[in-house]
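# Residue-level structural notes
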Amino acid sequence: MFAIIGIIVLIIMVFGGFVLAGGAMGPILAALPLEMMMIGGAAIGAVLIGNSMHEIKLLGGGFAKVFKGPKYSDDDHIDAIALCSQLMKLLRAEGAVALESHVTDPESSTIFSEYPKLQNDPAVRDLICDPLTLMVVSSGTLDTHAVEDVIDNSIKTQLHEMEEPAHAIQSMADAFPALGIVAAVLGVIKTMGSINEPPEILGKMIGGALVGTFLGVLLAYGFAGPMAGRLKQVNAHDQQIFHSIKQVIIASLHGYPQPLVLEAARSGLPPAHRPKLTDLLDLMRGR
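What this report covers is the structure whose coordinates are included nearby. (Residues numbered from 1 in each chain as written. Predicted model: local features only at pLDDT ≥ 70, side-chain atom pairs only at ≥ 80, totals over all residues. Heavy atoms only, no water.)

### Some points on helix α3 (residues 53-68)
Rules: Secondary structure counts use DSSP, requiring at least four H or I residues in a row for a helix and at least two E residues in a row for a strand, with both numbered from the N terminus. In this analysis, the expected span of each helix is defined as 1.5 Å times one less than the number of residues it contains. Burial status follows relative accessibility: with a 1.4 Å probe on protein chains alone, a residue under 20% of its type maximum counts as buried, one over 50% as exposed, and anything between as partly exposed. In this description, one arc is meant: the one made by directions from the helix axis to the C-beta atoms.
When the terminal C-alpha atoms of α3 are compared, their 23 Å separation across 16 residues agrees well with the 22 Å that a helix rising 1.5 Å per residue should span. Buried within α3 are the following residues: Leu-59, Gly-62 and Val-66. In a view along the axis of α3, the buried residues occupy a sector of 55 degrees, so they form one face of it. Pointing more than 90 degrees away from the buried face of α3 are the exposed residues Met-53, Lys-57 and Lys-68.

So this is what it looks like as structure tokens:
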């Protein structure tokens, strides 16, 4: 929502200020379609050259995140902590055999079914189930540090994939000014081929050429750059759910009491989205 508002404000302020200063929109509007074709088309071509289809699909999802915001809400973070706490409580109380059906077949698990969004999220579900499946296979004897290494590697892989779209958008932002210069140079070349024309015609042609430079800079610092920054913020919010899951599992395997386990997971969340420890304790007492 804020991204859409920001785009509207940007366009109104830039072009509104230009008009109020006495500028004419005619030359800009006349040159805009072809300049956008050259600059935007070159940017799309560069993306196709530098990425596979998988990364391009991720890039499309990245643009959607800019406008939709984080995938996981504050309640989802709390649910992830509660879900992992219930699973680890079952492991401690009844052993690895009791846990097996829940982590090897989470789609049919009565515990997972209490959290349908997380149950149907492969990234979250696999991060929880894979290390706990190792615990089941090893009959609960696997070293805690080994489990932590497995979770760290899984999170690292997940974060790398999440961050790729932001890197691609930032690369576009870095390229737009240069692509704008390319379009402007082509406009100057066209103008030089008409050097015998009257000054008023040459002025319009030069003005049209400069639209390329203007557009490249505007796309870079007004659109693509802020989008890359916003996507990094969204990813940073969503990434916290993976760290919370890790903290619950590892702290539980170390044998910490439940209040300390919940605090380990809760304290890693940003202050603005961090639930109270008492609320988490009350939630777990009710389960």
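### Describing helix α9 (residues 199-253)
Quick reminder of the rule: The term bend refers to the angle at a residue between two fitted axes, each drawn through seven residues, those ending there and those starting there.
Taking 1.5 Å per residue, 55 residues should reach 81 Å; α9 reaches 80 Å between its end C-alpha atoms and fits that length. Where α9 bends most, at Ala-220, the angle is about 35 degrees. Within two residues after α9, Gly-255 carries a phi angle of roughly 85 degrees, on the positive side.

### A short note on the environment of Ala-166
Relative to the elements of secondary structure, Ala-166 occurs in helix α8 (residues 144-192). Looking at Ala-166, the relative accessible area reads 2%, which means it is buried. In sequence terms Ala-166 and Pro-177 are 11 residues apart; their C-alpha atoms lie 18 Å from each other.

### As for the pattern of salt bridges
Formally: Within this document, salt bridges are pairs made up of a side-chain nitrogen of Lys or Arg and a carboxyl oxygen of Asp or Glu, the two lying within 4 Å of each other.
If you walk through the whole model with that rule in mind, you get five salt bridges. Here Glu-148 and Lys-246 are joined by a salt bridge, their closest N and O atoms 3.6 Å apart. Placement of the pair is Glu-148 in helix α8 and Lys-246 in helix α9, with a sequence separation of 98 residues. One network of salt bridges, in which partners are shared, links Glu-148, Asp-152 and Lys-246.

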